[in-house]
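# Observations on the model geometry
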Amino acid sequence: MSYQVKIEKFEGPLDLLLELIEKEKLEITEVSLSKVTDQFLAFIEQNHDIEASFLADFLVVAAQLLFIKSKALLPSLELEEEASLTVDELEYRLKEYKKFKEIAQEIKRIFHAPRYSFERKFFRPKQELFYPGENLSLDALKNSFENLIQYFEEQEKLEEKSIEKTVSISEKITEIKSFLVKNQKLDFELMTSETKSKVDVVVTFLALLELVKQRSVKLSQERDFGNILIEKIKDE
Amino acid sequence: MNKKKEKEESAIPENFKESLESVIFVAGKPIQFKKIMAIFGLEKRQIVEEAEALQAEYKEKNRGIHLLLTKDAVEMVTNPAFSKHTSQVASFELEEKLSDAALETMAIVAYRGPITRAEIELIRGVNSVYTLRNLSVRGLVLKKPNPDDARMSIYEVSEKFLKHSGLMHETDLPNFSELSKKTTFEEYLDQKEKDSQKQILDSVNRE
């Protein structure tokens, strides 16, 4: 039953990626990862209702996929070792995730089957009252309360971080696309002239590579390290 | 000469199995191994072994009472085979179905617990705060302080999860020994390397 194409929400980016690979009947390899990149990005584009905190997780994986693809486009590019680990890492995580996704269905069957074990109930007191223990002190109360507050703070921090990290990537792709709807040409220096962040330039570049792969744009350059000219490819 | 074990284990008393059975019965709730250790003056290993023997005996004879074992405690519960009848006397309060996200997280905690939230999120690829909190509230996973790092908590399956699933031990989960093994990224890379070397060797040998 889990093999039907799910149109509903996916549990997460790995879930989506796994489903795309399995739908194509592919093994988890570098080649299959770059094959499903387009579909992965298309999914994010089409589903605007992905919750913000989840979207960030999707975009992290999208960035990794774009990276893998751009590596395939530029085979001569020398990569730092850390960067070349991305493929293996994604492969590894997908395989780990797959194990649990499959076994979760077993857990579902076992957990929801009418096979229960019960403990004896009669020892449970009828009324639950609060009796402060002898070791209750002001300090202990204070500590408990601080722990509780910490528990909530911990969550908020994490969300902020993951949103900040990735939202700009998908924005950039749409930005370039919408600009090219109105304009025929665009140049890279101009596009990145206003930004101060290096990451933004990298993201713009990756987004362009993606658009080249989709055959939406053509890039040209007069000399090495010169400005890059971006042209829209007309639909035939 | 072999040095003997650092701690000399006490001799097991006569009728240990039977008196252990009585102790577990009279506790009426999960009784901690620590407590049993104090009662009999034995090591944890000796107690767990005997409890497991008793558990196997109940199972073998398909007795109405079974023994539920966790890492820390042991408890008498009903045989899940008879839940058609027992559930007319007792029941679980919450009967809402678990979502796929909850099942996935539950599976990771069950096979890899005790496990930190960061490790769970690494496997799932998504923030799991809400799913974990939901499972904690339902009493299916336990949140405990991490003995290695006070800033983080660790999660493991609860007795309630085992009872609801009719399992007497977490090792009764399907394919437990294989899935509970943690493979680190480094180990995965090593294995991949070995596999590809083997493939090359195989293809050379074939020629």
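Residues numbered from 1 in each chain as written. Chains lettered and ligands numbered in written order. Predicted model: local features only at pLDDT ≥ 70, side-chain atom pairs only at ≥ 80, totals over all residues.

What follows deals with the overall build of chain B. Counting secondary structure elements, chain B contains 10 helices and 6 strands. The buried share among the 207 residues of chain B stands at 30%. A separation of at least 24 residues holds for 49% of the contacts in chain B among residues at least 6 apart in sequence. (Helix = DSSP H or I, 4+ residues; strand = E, 2+ residues; numbered from the N terminus. Buried ≥ 20, exposed ≤ 12 C-beta atoms within 10 Å, placed from the backbone. Contact = placed C-beta atoms within 7 Å.)

Attention now moves to the overall build of chain A. Summing up its helical and strand segments, chain A has 8 helices and 3 strands in all. When its helices and strands are written in sequence order, chain A yields α-α-α-α-α-α-β-α-α-β-β. Across the 236 residues that make up chain A, the buried fraction comes to 25%. Sequence separation of at least 24 residues holds for 63% of the intrachain contacts in chain A that already meet a minimum separation of 6.

Below, the discussion takes up the environment of valine 129 of chain B. Secondary-structure assignment places valine 129 of chain B in helix H7 (residues 129-137). The class of valine 129 of chain B is partly exposed, set by 17 C-beta atoms lying within 10 Å.

Okay, the packing of helix H5 (residues 100-112) of chain B against H7 of chain B next. All names here are of chain B. Running from amino to carboxyl end, H5 crosses H7 at an angle of 80°, the nearest separation of the two axes being 10 Å. Of the possible angle classes, the one that applies to H5 and H7 is roughly perpendicular. On H7, the residues touching Ala101, Ala102, Thr105 and Met106 of H5 are Thr131, Leu132, Asn134 and Leu135. Looking at the contact of H5 with H7 residue by residue, the classes come out as 5 nonpolar, 3 polar and no charged. (Axes fitted to C-alpha atoms, helices over the stretch in contact; angles between N-to-C directions. Parallel < 35°, antiparallel > 145°, perpendicular 65-115°, else oblique. Nonpolar A, V, L, I, M, F, W, Y, C, P; charged D, E, K, R; others polar.)

Attention now moves to the interface of chain A and chain B. Each side of the interface is counted separately: chain A has 37 residues, and chain B has 39 residues. Elements supplying a minimum of two residues to the side of chain A that touches chain B: helix H1 (13-23), helix H4 (52-73), helix H5 (81-112) and helix H6 (138-182) of chain A. Taken together, the residues that form the side of chain A that touches chain B break down as 17 nonpolar, 6 polar and 14 charged.

On to the sheet that holds strand E5 (residues 141-145) of chain B, then. Residue and element names in this part refer to chain B. The antiparallel open sheet is built from 3 strands, whose spatial order is E4-E6-E5. Two strands in the sheet have a free side with no partner beyond their single neighbour: strand E4 (115-116) and E5. For E5 and strand E6 (residues 153-157), the ladder comprises 5 bridges, and the chain directions are antiparallel. Within E6, the position partnered with proline 145 by the bridge is serine 153. Of the strands in this sheet, E4, E5 and E6 are in contact with H5, which crosses E6 at around 95°. (Pairing = 2+ DSSP bridges.)

Before going further, it helps to spend a moment on the pairing of strand E2 (residues 65-69) of chain B. The element E2 of chain B is largely enclosed, with a buried count of 4 among its 5 residues. Counted between consecutive antiparallel strands, the loop separating E2 of chain B from strand E3 (residues 73-78) of chain B contains 3 residues.

This paragraph deals with helix H3 (residues 37-46) of chain A. All names here are of chain A. Every buried residue of H3 is listed here: Thr37, Phe40 and Leu41. Taken around the axis of H3, the buried residues stretch over an arc of 95°, which confines them to a single face. Residues of H3 that are exposed and point more than 90 degrees away from the buried face comprise Ala42 and Gln46. (Arc of directions from axis to C-beta.)

Moving on to the sheet that holds strand E2 (residues 217-221) of chain A. Residue and element names in this part refer to chain A. One open sheet holds the 3 strands; their spatial order is E1-E3-E2, and the pairing between them is antiparallel. Two strands bound the open sheet, and with one partner strand each, they are strand E1 (185-187) and E2. For this sheet, the mean inter-axis angle between neighbouring strands, taken without regard to orientation, is 25°. By the bridge criterion, 3 bridges tie E1 to strand E3 (residues 228-232) in an arrangement that is antiparallel. Within E3, the position partnered with leucine 186 by the bridge is isoleucine 230. With respect to the sheet, helix H8 (residues 198-213) is in contact with E2 and E3, its orientation differing from that of E2 by roughly 120°.

Residues and elements named next belong to chain A. In terms of strand pairing, E2 meets E3 through 5 bridges, oriented antiparallel. Note on E3: the bridge partner recorded for serine 220 is leucine 229. Counting the residues in the hairpin turn of E2 and E3 gives 6 residues, including phenylalanine 225, whose phi is positive at 60°.

Each pair of packed helices gets described by two things: the angle between the helix axes and the distance between those axes. Residues and elements named next belong to chain B. Taken N-terminus to C-terminus, the directions of helix H2 (residues 33-40) and helix H3 (residues 44-60) make an angle of 105°; their axes are 9 Å apart at the nearest point. The pairing of H2 with H3 is recorded here as roughly perpendicular in orientation. Every residue of H3 that contacts H2 at Phe33, Ile36 and Met37 is listed here: Lys44, Ile47 and Val48. Across the contact of H2 with H3, the residue classes break down as 5 nonpolar, no polar and 1 charged.

As a further point, take the nonpolar core. Note on soluble globular proteins: their nonpolar side chains tend to be buried together. Grouped together as the largest cluster of nonpolar side chains are 66 residues, with contacts concentrated most on Leu17 of chain A together with Met106 and Ala107 of chain B. Setting aside its immediate chain neighbours within four residues, alanine 107 of chain B contacts Phe100, Ile103, Ala104 and Ile107 of chain A. In this structure, Val203, Leu208, Leu211 and Val217 of chain A belong to the second largest nonpolar core, which totals 8 residues. (Core = buried A, V, L, I, M, F, W, Y, C linked by C-beta atoms within 7 Å.)

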